Amino acid sequence: MRLRQASLVTTFSLVAGLTTVTLVLPGSAVYADDTAALPLTGYAHLVADTAHQHVFISQGPGSTGIVVTDLSGTPVTTVAGEQGATGLALSPDGGTLYAALADGGAIAAIDTTTLTETARWSTGAGSSPVSVAVAGGRVWYGYTAGGKGGIGSLDPSAPAPAATPQPALSQWTTAPLLATGGDVLAAEEPQGGLSHVATFAVASGTASVKADTWVYGGTATALAVTGDGTRVLLAAPQQLALRAYRATDLAAADPGAYFTGGSGSAPGSVAVDTDGTVAVAGTSGIYLYAGTDTLAENHLTLPSGTVAPDGLEWGADGTTLYAVTKDPSGGYSLNVLDAPKLTDTELTLRHPQYAVPTERYTVGGSLSTRGLLPAGAALKVTRDGTTLPDTTLGADGTFTFTDLRQDESTPAYQVTYAGDATHRPATASLTVNVAKLPTNVVGTDITSASPGSVVLTGSLSAQLGLGTFPQGTTVQVARRDEATQQSVPLGSVPVDPATLRFTVTDAPGSAGSFTYLLTYAGDTTHQPSESGMGIMVAPYAPALTLSAPATAARGTALSFNGKLGDGPYPTGRTVTVSRKDAAHSTPVTWTAPVAADGTLTVKDTPDTGGATTYTVTYPGDASHRAATALATVQVSRAASALTLTSSAPSYAYGATATVTAHLGTTYNGRTVSLYATPYGGAKTLLTTGTADANGNLKVTYKVTRNTTFTASFAGDYRYAPATATRAVNGYVKIATALSGSYTSTTYSKISYRVFHKTVKPTVTATVTPNKAGQCERFQVQRYYSAAWHTITTSGCHALSSTSSTKTQLSLTNALNQKFRVRSEYERSTKDLTNVSTWSGWLYFTVRT
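Residues numbered from 1 in each chain as written. Predicted model: local features only at pLDDT ≥ 70, side-chain atom pairs only at ≥ 80, totals over all residues. Heavy atoms only, no water.

Quick notes on the overall build of the protein
Part 1 of the reasoning: Helix and strand counts for the protein come out as zero helices and 72 strands.
Part 2 of the reasoning: Relative to its length of 848 residues, the protein is extended, with a C-alpha radius of gyration of 67 Å against a globular reference of 29 Å.
Part 3 of the reasoning: Across its three principal axes, the protein shows a C-alpha extent of roughly 205 × 90 × 45 Å.
Part 4 of the reasoning: Here the contacts in the protein between residues at least 6 apart in sequence split such that 56% fall between residues at least 24 apart.
Part 5 of the reasoning: Surface summary for the protein: the accessible area is close to 37200 Å², and the carbon and sulfur share equals 51%.
Part 6 of the reasoning: With 52 positive and 55 negative side-chain charges, the protein shows a separation of 50 Å between the mean positions of the two kinds. (Helix = DSSP H or I, 4+ residues; strand = E, 2+ residues; numbered from the N terminus. Rg over C-alpha atoms; globule rule 2.2 N^0.38 Å. Contact = heavy atoms within 4.5 Å. Areas by Shrake-Rupley, 256 points an atom, 1.4 Å probe, with all protein chains shown as cover. Lys, Arg positive; Asp, Glu negative; His and termini not counted. Charge placed at Lys NZ, Arg CZ, Asp CG, Glu CD.)

Some thoughts on the side chain of His-54
Part 1 of the reasoning: Locating His-54 in the fold gives a position in strand E6 (residues 54-58).
Part 2 of the reasoning: By relative accessible area, His-54 is classed as buried at 13%.
Part 3 of the reasoning: Residues contacting His-54, with those up to four places away along its chain left out, are Val-47, Ala-48, Asp-49, Val-68, Thr-69, Leu-71, Val-76, Thr-112 and Leu-115. (Buried < 20%, exposed > 50% of the residue type's maximum accessible area, 1.4 Å probe, protein only.)

Thoughts on the state of the cysteines
Part 1 of the reasoning: In the structure shown here, the tally under the stated rule is one disulfide.
Part 2 of the reasoning: Residue pairing for Cys-775: its cysteine sulfur links by disulfide to Cys-796, the two sulfurs lying 2.0 Å apart. With Cys-775 in strand E66 (residues 775-784) and Cys-796 in the loop between strand E67 (787-793) and strand E68 (797-798), this pair connects stretches of sequence that are 21 residues apart.
Part 3 of the reasoning: The exposure class assigned to Cys-775 is buried, which follows from its relative accessible area of 8%. (Disulfide = S-S within 2.5 Å.)

Notes on the sheet that holds strand E32 (residues 345-350)
Part 1 of the reasoning: The strand order across the open sheet built from three strands is E32-E33-E36, with neighbouring strands paired in antiparallel fashion. Since the sheet does not close on itself, it has two edges, and those belong to E32 and strand E36 (398-403), each with one partner. Across the sheet, the mean angle separating the axes of adjacent strands is 20° when strand polarity is ignored.
Part 2 of the reasoning: In this structure, strand E33 (residues 361-369) lies alongside E36, joined through six bridges in antiparallel fashion. (Pairing = 2+ DSSP bridges. Axes fitted to C-alpha atoms, helices over the stretch in contact; angles between N-to-C directions.)

Some thoughts on the nonpolar core
Part 1 of the reasoning: Ranked by size, the top nonpolar core spans 22 residues in total, and within it Val-441, Val-475, Phe-502, Val-504, Tyr-516 and Leu-518 carry the most contacts.
Part 2 of the reasoning: Broken down by secondary-structure element, the contributors of at least two residues to this core are strand E40 (453-462), strand E41 (474-481), strand E43 (501-506), strand E44 (512-520) and strand E45 (529-537).
Part 3 of the reasoning: When neighbours within four sequence positions are excluded, Val-441 is seen to be in contact with Ser-459, Leu-460, Val-475, Phe-502, Leu-518, Tyr-520, Ser-529, Glu-530 and Ser-531. (Core = buried A, V, L, I, M, F, W, Y, C linked by side-chain atoms within 4.5 Å.)

Remarks on the pattern of salt bridges
When charged atoms on two side chains of opposite charge get close, those side chains can pair.
Part 1 of the reasoning: A full pass over the atoms with the stated rule returns 15 salt bridges.
Part 2 of the reasoning: The partner of Arg-480 in a salt bridge is Glu-482, with the nearest N and O atoms 2.9 Å apart.
Part 3 of the reasoning: Judged by its relative accessible area of 27%, Glu-482 falls in the partly exposed class.
Part 4 of the reasoning: Through salt bridges with shared partners, one network takes in Glu-82, Glu-117 and Arg-120. (Salt bridge = Lys/Arg side-chain N within 4 Å of Asp/Glu carboxyl O.)

So, the layout of surface pockets
Part 1 of the reasoning: Taken as a whole, the largest pocket spans an internal volume of roughly 1500 Å³.
Part 2 of the reasoning: Along the walls of the largest pocket sit 50 residues, with His-45, Leu-88, Ala-89, Thr-180 and Glu-313 positioned nearest its centre.
Part 3 of the reasoning: Every element with two or more residues in the lining of the largest pocket is listed here: strand E5 (45-49), strand E9 (85-90), strand E13 (131-135), strand E17 (177-181), strand E21 (222-225), strand E25 (269-272) and strand E29 (306-314).
Part 4 of the reasoning: For the lining of the largest pocket, the class distribution of residues is 29 nonpolar, 16 polar and five charged.
Part 5 of the reasoning: Elements represented by at least two residues in the lining of the second largest pocket include exactly E66, E67 and strand E69 (804-808).
Part 6 of the reasoning: Of the residues that constitute the lining of the second largest pocket, the class distribution is eight nonpolar, nine polar and one charged. (1 Å grid on protein atoms, 1.4 Å probe; cavity = no way out; pocket = protein on both sides within 12 Å on 5 of 7 lines; lining within 4 Å. Points joined across faces, edges and corners; volume = space filled by probe spheres on them. Nonpolar A, V, L, I, M, F, W, Y, C, P; charged D, E, K, R; others polar.)

Re a nonpolar patch on the surface
Part 1 of the reasoning: Judged by side-chain polarity, Leu-194, Trp-214 and Tyr-216 come together as a nonpolar surface patch covering roughly 350 Å² of accessible area.
Part 2 of the reasoning: Among the structural elements, Tyr-216 can be located in the loop between strand E20 (208-215) and E21.
Part 3 of the reasoning: Judged by its relative accessible area of 51%, Tyr-216 falls in the exposed class. (Patch = residues over 30% accessible without salt bridge, like charges linked within 9 Å, V, L, I, M, F, W, Y side chains within 5 Å.)

Some details on unusual backbone geometry
Part 1 of the reasoning: Following Asp-254, the chain continues to Pro-255 via a peptide bond in cis, the omega torsion being 5°.
Part 2 of the reasoning: On the secondary structure map, Pro-255 appears in strand E24 (residues 252-259).
Part 3 of the reasoning: In this model, Gly-567 is joined to Pro-568 through a cis peptide bond whose omega is 5°.
Part 4 of the reasoning: On the secondary structure map, Pro-568 appears in the loop between strand E48 (558-564) and strand E49 (574-581).
Part 5 of the reasoning: Phi at Leu-250 takes a positive value of approximately 60°, unusual for a residue other than glycine.
Part 6 of the reasoning: Locating Leu-250 in the fold gives a position in the loop between strand E23 (241-246) and E24.
Part 7 of the reasoning: What makes Leu-250 buried here is its relative accessible area of 5%.
Part 8 of the reasoning: The backbone of Asp-384 sits at a positive phi, close to 50°, despite the residue not being glycine.

Looking at the packing of aromatic side chains
Part 1 of the reasoning: In the structure shown here, the tally under the stated rule is 16 aromatic pairs.
Part 2 of the reasoning: Aromatic ring contacts, followed pair by pair, group Tyr-747, Tyr-752, Tyr-783, Trp-788 and Tyr-843 into a single cluster.
Part 3 of the reasoning: Here the guanidinium or amino end of Lys-818 rests over the ring plane of Tyr-747, the centre of that ring lying 4.3 Å away.
Part 4 of the reasoning: Positioned above the aromatic ring of Trp-841 is the side chain of Arg-820, whose terminal nitrogen or guanidinium carbon lies 4.1 Å from the ring centre. (Phe/Tyr/Trp six-rings, centres within 6.5 Å; stacked < 30°, edge-to-face > 60°. Lys NZ or Arg CZ within 6 Å of the ring centre and 35° of its normal.)

A few points about the confidence of the model for the protein
Part 1 of the reasoning: Residue-level pLDDT values for the protein average 92, and 96% of them are 70 or greater.
Part 2 of the reasoning: Between residues 1-28, whose pLDDT stays under 50, and residues either more than four places distant or in other chains, the model counts 87 contacts. (pLDDT = per-residue confidence, 0-100.)

What about the environment of Ile-66?
Part 1 of the reasoning: Looking at the secondary structure, you find Ile-66 in strand E7 (residues 65-70).
Part 2 of the reasoning: As for Ile-66 and Leu-178, which are separated by 112 residues in sequence, their C-alpha atoms are 20 Å apart.
Part 3 of the reasoning: Those residues in contact with Ile-66, other than ones at most four positions away along the chain, are Phe-56, Ile-57, Thr-77, Thr-78, Val-79, Glu-82, Ala-85, Leu-88, Ala-99 and Ile-110.

Description of the sheet that holds E5
Part 1 of the reasoning: Reading across from one edge, E5-E6-E7-E8 is the order of the four strands in this open sheet, with antiparallel pairing throughout. Each edge of the sheet is formed by a strand with only one pairing partner; in this case those strands are E5 and strand E8 (75-80). Recorded for the sheet is a direction-independent mean angle of 20° between the axes of neighbouring strands.
Part 2 of the reasoning: Pairing between E6 and E7: four bridges, direction antiparallel. Bridge pairing in E7 links His-54 to Asp-70.

Some points on the environment of Pro-167
Part 1 of the reasoning: Along the chain, Pro-167 turns up in the loop between strand E16 (164-165) and E17.
Part 2 of the reasoning: Sequence separation between Pro-167 and Ala-395 is 228 residues, and the spatial gap between their C-alpha atoms is 60 Å.

Let's talk about the pairing of E29
Part 1 of the reasoning: One ladder, built from five bridges, connects E29 with strand E30 (residues 321-326); its direction is antiparallel. Bridged to Trp-314 within E30 is Leu-321.
Part 2 of the reasoning: Count of turn residues in the E29/E30 antiparallel hairpin: six residues, of which Gly-318 carries a positive phi of about 75°.

Focus: the environment of Thr-113
Part 1 of the reasoning: With respect to the secondary-structure elements, Thr-113 resides in the loop between strand E11 (106-111) and strand E12 (116-122).
Part 2 of the reasoning: The exposed category is assigned to Thr-113, whose relative accessible area is 56%.
Part 3 of the reasoning: Note: C-alpha distance between Thr-113 and Pro-570 (457 residues apart in sequence) is 120 Å.
Part 4 of the reasoning: Of note is the side chain of Thr-113, whose polar atom sits 3.3 Å from the side chain of His-52. (Polar contact = N/O pair within 3.5 Å; in protein donor to acceptor, adjacent residues only side chain to side chain.)

Structural data, given as structure tokens:
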């Protein structure tokens, strides 16, 4: 059979193998070995007489002849006078064609050799036979009469054959379709959604009912019985599938359906070959099933249109299928399919993972089919028409073959399966692009980027990681200064064959923007590639350290060292040294050379004492940023003589103290500052001034608590700073009072208060500042023997919250005597603000 098949071209692109594959799609073959237009005005039935090389085609009611063609569909003749020929059937010996004449009310017999009618049997006035079948030595026909349907038969071998109705064969509302197989007669009467179906045993020539029922059918257009008489096949366009029923009871057979393409496929034709092969056709094409196998072996679509209802017929050779199709314009064609039972095969080729010159690559593929795989079959392989060794199909349907090309090329491969007794041949093509693998060389990481050390890592790769790089692969490196666009070759670096990484080390010697150009030259299997990696090299930020001494002698040569990091340094570089001291508000500057390793020495002879600050500054260069460091040296000065005295060591509360600072010999500074720090208070500047001709500076200060005075000399160019302190005490203020006297008197110019002997005088003491909780004592003295004598001293009286306390005196045996009383503030260890203080005396005398 000459297979005409649609092809699909699919293009794959991968790395070096740009591959074009031509595939044969499975299960969608479009073919017919012979297709011939038929001169039909309509179509009813088809019979193939392969013994006489003829095909008979009836045209149904309204027609007048049976069209006869050869086996390729070329018209031979038309058997005329066959009014409304519809159903057709061959005699068992193939010598006679029986035709049901729907418009002639008869069954006609036509000689298949002479192609002329030899007999005609009337089926009765007003009858309209539409189907005919041969079984059990009789010709059976389905007809209508009196508005009802029926089945009749005749014995063509009888001396006087006559068409006779068979009223015992059920009642039909319209002429039933008939089909026979294995001495079983099946009849079907379409009834909308259901079909009235009956089966009869006719081996004896007399029909006996086997089953008579309604089945889920529809308006059937084709009916068939399998050759063994076990199953009835019903093709109704309303169904999604061809229905199968058991002939014995018309229950659903196993399988019960043969699908013809899903919704709308409208199965309308069925033909069963003697080997059990079922061909069923609908709008989706022809499906072939191997007996009870529900997986279609083949799916065929025809180029000449859609198969007409009841338009399939197997030839007696068991290999040829005939199909009448109708195109959209209403024209009919005969399609001759020589070997439709051969299972479709599909060859697909897989491009190699990659195909590069000098390396062997593998092309894979697979063969698929609806039947059993032809495992072990030899597949022919060619490259550009040149035969290569065959490859063998594996048990899983896959195969491979290898090839090797020395240069870049695009070889075209073709793999062919020759087919066998059950499989169709197949061919697939593949164009492989044998090309060097694209590569990529890139810088990936920067681990150092300084003028003295640039370290970057990179990687070399082939597209998708394919291929291998040989030992000794290198990458060329160059450095381009983006400021000058000048490039410097740096040689090559090795590529690690295991990791495909490489390391570039460089010392550009200066800061700036650089591009490192990475170039891979390629090899026999890899394309060259190059890339650039931009690096901004920042100048060093060097640390500048100075090792100056903490002290130095004035007027004596001083030398100390320094060190700039991140060397080396260009020849002739210097640092600027500036010295700032008390004598120079504008620093004195000079330069010092920097050695290649960054070391330097500062030399000076300081002539001013005190804190001397040396600032060392490196201005920077192409590789280094500026750097500055400071060192402070205390230059020696002579000791200064400074003393501080006060007008008294202790002062009454609120008394004025005079404090005098005395400054000895100095060089150019005579300024002294005086401060007072009362206990618990802040240090306060009292005055700042120049010592007088005697070296003195005085200040006064009211003392209310213990106070420390400080004199300060800031020093000058040659004399060191000095301080002196003087601490003085501050007394509290005590107010005492006597109450209870009735008059006063004077003795020796001293005022006395006079008390009655019966009165107890009250003595009150109040302390300023507030000393609540502190101790106050009272003391009483009597005058006798020309002197004052202490007669009592009280214990501690705690001062109240208002800093006062009182006591009473008893005047027993005190008549006409002189007394005096006072109190003392006695500070505790908790009071560091003031010292203990006695109040003044209060004098009194006692009278009757």
